[in-house]
Amino acid sequence: MNFEAKDVCAGYADVDIVRDVSFTLRSGEVLCLLGPNGVGKTTLFKSLLGFLPLHGGNISLDGKPLCFSDYKRQAALIGYVPQVHEPPFPFQVLDVVVMGSIVRMNYFSGPSHGEYSKAEEILEMLGVSYLSNKVYTEISGGERQMVLIARALMQEPKFLMMDEPTSNLDFGNQMRVLQQVQMLAEQGMGIIMTSHFPDHAFLCCNKAAVMCKDTSFKVGSVQDIVTEDVLHKAYGIRVKIAYVDTSEENSDMVRTCVPIMHKINLSRKEIV
Amino acid sequence: MLLVHEKRGAIKVIFFSFIILLLLFFISLFIGRYTITVNDIYNVFYSKLFNTECLVSNMVQSVILKVRIPRIFAAILIGGALSSAGATYQGLFKNPMVSPDILGASAGAGFGAAIAILISLPFIFIQIFAFIFGILGVGIAYLICKIVSRGKDALLILILAGMIVSTLFSSLITLSKYIADPYSKLPEITYWLMGGLSAVSGSDVLLLIIPFMCGIIPLFLLRWQINAMAFGDEEAKAMGLNTGKLRAIFIVSATLLTASSVAVSGMIGWIGLVIPHLSRMLVGPNYKYLMPASFLIGGSFLLIVDNLARTLFTMEIPLGILTSIIGAPFFVYLLIKRKRGWV
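About the cut-offs
- Residues numbered from 1 in each chain as written.
- Chains lettered and ligands numbered in written order.
- Predicted model: local features only at pLDDT ≥ 70, side-chain atom pairs only at ≥ 80, totals over all residues.
- Helix = DSSP H or I, 4+ residues; strand = E, 2+ residues; numbered from the N terminus.
- Rg over C-alpha atoms; globule rule 2.2 N^0.38 Å.
- Buried ≥ 20, exposed ≤ 12 C-beta atoms within 10 Å, placed from the backbone.
- Contact = placed C-beta atoms within 7 Å.
- Axes fitted to C-alpha atoms, helices over the stretch in contact; angles between N-to-C directions.
- Parallel < 35°, antiparallel > 145°, perpendicular 65-115°, else oblique.
- Left-handed = near helix turned anticlockwise from the far one by under 90°.
- Nonpolar A, V, L, I, M, F, W, Y, C, P; charged D, E, K, R; others polar.
- Core = buried A, V, L, I, M, F, W, Y, C linked by C-beta atoms within 7 Å.
- Pairing = 2+ DSSP bridges.
- Expected span 1.5 Å × (residues − 1).

Draft legend 1. Representation of the overall build of chain A within the structure. When you go through chain A residue by residue, the secondary structure sums to 10 helices and 12 strands. Since a compact globule built from 272 residues should have a radius of gyration of about 19 Å, the 19 Å found for chain A is in line with a globular shape. When burial is assessed residue by residue, chain A has 43% of its 272 residues classed as buried.

Dropping the structure here:
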């Protein structure tokens, strides 16, 4: 399937925060959305999900425009993984996951036994089946992120929108989440995720997009987009991209970005 | 396996709450100034059921049928209604500290009753005015929210609007007390506001039933969806819920319950806050179980408190005072006992 955003303009009230964003994403591709704080990543995300009305442009799936007013159909196509948060009530993990089955329910019923076993299967697939009887408010941030991914997968969506899936997670948990992203993409899911780490684009994404303060939006393959120049322009720091040999694994050379610390003061003067 | 176990636990709690409520119902028939025997009750029910001549005196009959039974039903319905409404609002506003009067239903109803008393309308109009103004209060809060928020931060603005409306109506209540005749009207308004079921008649209960049913049926049918609503507007939308429509339905239903309860009983605080907490401790936060548990436990709680109100002293204590006096330390106890998060 093809997710396509064309000339999307979005923002709050009368102010455009995001302007002329266009990109396409096929099933099985992962797009990493990068950009400094306050540049409108979240705004773009919310408009792609239909939380904010578009000011212009359109969003379509396989050429058919998305209908945001039909919530169930929309939810069956696009799953949303929010940033990890704490709900006010101590729900059981399995009850949280099974909420993803709302797309297949009518309003007057609760989830069936079948949906509960499906929820357990999904937790198992994500390698966190031990969580199912735990209380959502008592598990760690990394575990909560897995639960939120599981809940989105319950919707059986074609595309997944992940809002900073690695924020507030420790190093190990970040990689565990990215591993799942990679796995889901291999199974044919199209994924759009935001991140604060360009490395994440190298690790598990095919496509990258960078938003800058001047509302410019660049999208393309990771190699083309995550470059030293682009990162410098976006974040205002100097970055070197290095190649690391991880020969003990069967993967080839892994790229990584290294910020250049001692030059920050100088470059800051240049910018000002 | 633990999951199955926990669910069985929840169902067990609901079942026992129901049994306790039934027991309380029968025990309450005997409680009161006028002594009634088991035989009397048997005879009255038997004669009513099979339409035979009643063997007990008219006095006993009317105590049972016209005084105690309406009062017991009113206590159960109002306790259940306030608790269910409280549980709903708590989920909807993602906040366990919310009570059913958050959107101004109680203050509005209080003002409506005060007006009706001020202009010397018959008793039934006090209830009708209270009901209408209760709905009006929430309606104004909702309208303010629609005008101010334009879809953004709707929940927060709705709570603020509810606070504005509550404050406004509270001041208007004070104003009506101030201008009321201090020998006749002022005590009447004051007593009404304290809350109580001493004046409840059979026709009141029948009148209460209609808005009560209109409120409780949608809440029970749609209760599972509140789980997802408790995760916030955007997430619920992304899960496929039409949150705007659902929220409107929940608010209208919970408001019908609150306004009709306040119209019959006056202001009874604390139940809508404390009982959902207690229920959550017993059955967990899943609304599938929380809603029935809140209703049953709320009904039992108000029935017990009402029994205390009419027997504790020779003079009847206003119900609103007693629920607060019992509710406040009980809530502290719950807070001490809570194990996980905001139960």
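Draft legend 2. Fine view of the overall build of chain B. The secondary structure content of chain B amounts to 14 helices and 0 strands. Listed N to C, the secondary structure of chain B is α-α-α-α-α-α-α-α-α-α-α-α-α-α in terms of helices and strands. Its C-alpha radius of gyration of 21 Å places chain B within 12% of the 20 Å reference for a compact globule of 343 residues. Its C-alpha atoms give chain B principal-axis dimensions of about 65 × 60 × 40 Å. Counting across all 343 residues of chain B, residues that qualify as buried make up 50%. Taking the intrachain contacts of chain B between residues at least 6 apart in sequence as the baseline, contacts between residues at least 24 apart amount to 76%.

Draft legend 3. The packing of helix 3 (residues 58–92) of chain B against helix 8 (residues 202–221) of chain B, seen in detail. Residue and element names in this part refer to chain B. Axis separation between helix 3 and helix 8 bottoms out at 10 Å; the angle between their running directions is 25°. Comparing their axes, helix 8 and helix 3 come out roughly parallel. The two elements helix 3 and helix 8 cross, and the hand of that crossing is left-handed. Packed against helix 3, whose contacting residues are K66, P70, F73, A74, L77, A81, S84 and T88, the element helix 8 presents G202, D204, V205, L208, F212, G215, I216 and L219 at the interface. Partitioning the contact of helix 3 with helix 8 into residue classes produces 10 nonpolar, 4 polar and 2 charged.

Draft legend 4. Fine view of the nonpolar core. Ranked by internal contacts, the top residues of the largest apolar core, which has 180 residues, are A:V97, A:A150, A:M161, A:A208 and B:A74. Those residues in contact with A:V97, other than ones at most four positions away along the chain, are A:A119, A:I122, A:L123, A:V147, A:A150, A:R151 and A:M154.

Draft legend 5. Molecular detail of the interface of chain B and chain A. Opposite the 30 residues of chain B that make contact, chain A presents 29 residues. For the side of chain B that touches chain A, the secondary structure elements donating two or more residues are helix 1 (2–30), helix 9 (223–229) and helix 10 (233–238) of chain B. The residue inventory of the side of chain B that touches chain A, partitioned by class, reads 15 nonpolar, 8 polar and 7 charged.

Draft legend 6. Representation of the packing of helix 5 (residues 123–149) of chain B against helix 6 (residues 154–179) of chain B in the model. All names here are of chain B. It is at 8 Å that the axes of helix 5 and helix 6 come closest, and there the two elements cross at 135°. By the criterion of interaxial angle, the relationship of helix 5 to helix 6 is oblique. Between helix 5 and helix 6 lies a crossing whose hand is right-handed. The residues of helix 6 that touch helix 5, namely those facing G137, I140, A141, Y142, I144, C145, V148 and S149, are A154, I157, L158, A161, G162, I164, V165 and F169.

Draft legend 7. How the structure looks around the sheet that holds strand 2 (residues 15–26) of chain A. Residue and element names in this part refer to chain A. Across the sheet, which stays open at both edges, the 4 strands sit in the order 2-1-4-5 with antiparallel pairing between neighbours. The sheet is open, and its two edges are formed by strand 2 and strand 5 (64–65), each paired on a single side. With 2 bridges joining them, strand 4 (residues 54–61) and strand 5 adopt antiparallel strand pairing. Bridge pairing in strand 5 links S60 to P65. Sheet strands touched by helix 1 (residues 41–48): strand 1 (2–12), strand 2 and strand 4. Its angle to strand 1, the strand with the most contacts, is close to 120°.

Draft legend 8. Here's a closer look at the pairing of strand 6 (residues 78–81) of chain A. Residue and element names in this part refer to chain A. Neither face of strand 6 is left uncovered, since the one carrying I78 and Y80 and the one carrying G79 and V81 both have all their residues buried. Where strand 6 and strand 7 (residues 159–162) come together, 4 bridges link them in parallel fashion. When the bridges of strand 7 are listed, V81 appears paired with M162.

Draft legend 9. Quick look at the sheet that holds strand 3 (residues 30–34) of chain A. All names here are of chain A. As summarised here, the arrangement of the 6 strands in space is 6-7-8-3-9-10, forming an open sheet in which the pairing is mixed. Bordering the open sheet on either side are strand 6 and strand 10 (217–221), each of which pairs with just one other strand. Sheet twist, expressed as the average angle between the axes of neighbouring strands with direction ignored, equals 15°. Together, strand 6 and strand 7 form the strand contacts of helix 5 (residues 141–154), whose direction differs from that of strand 6 by roughly 165°. Against the sheet, helix 6 (residues 171–186) touches strand 3, strand 7 and strand 8 (190–194), its axis set at about 155° to strand 8.

Draft legend 10. Seen up close, the environment of A:L52. Residue and element names in this part refer to chain A. As for its position among the elements, L52 is in the loop between helix 1 and strand 4. Since 22 C-beta atoms lie within 10 Å of it, L52 is described here as buried. When the C-alpha positions of L52 and F68 are compared, they lie 10.0 Å apart, and in sequence the two are 16 residues distant. Filtering out sequence-adjacent residues up to four positions away, L52 remains in contact with A10, T43, K46 and S47.

Draft legend 11. Structural view of the environment of B:S171. Residue and element names in this part refer to chain B. Mapped onto the fold, S171 is located in helix 6. Overall, the presence of 12 C-beta atoms within 10 Å leaves S171 in the exposed class. Residues S171 and A107 lie 64 residues apart in sequence; the distance between their C-alpha atoms is 9.3 Å.

Draft legend 12. The arrangement of helix 8 of chain B in detail. Residues and elements named next belong to chain B. With 20 residues, helix 8 extends 28 Å from end C-alpha to end C-alpha; this agrees with the ideal 28 Å at 1.5 Å per step. Residues of helix 8 that are buried: D204, V205, L208, P211, F212, G215, I216, P218 and L219. In this fold, the buried residues of helix 8 make contact with helix 3, helix 5, helix 9, helix 11 (243–265) and helix 13 (287–311).

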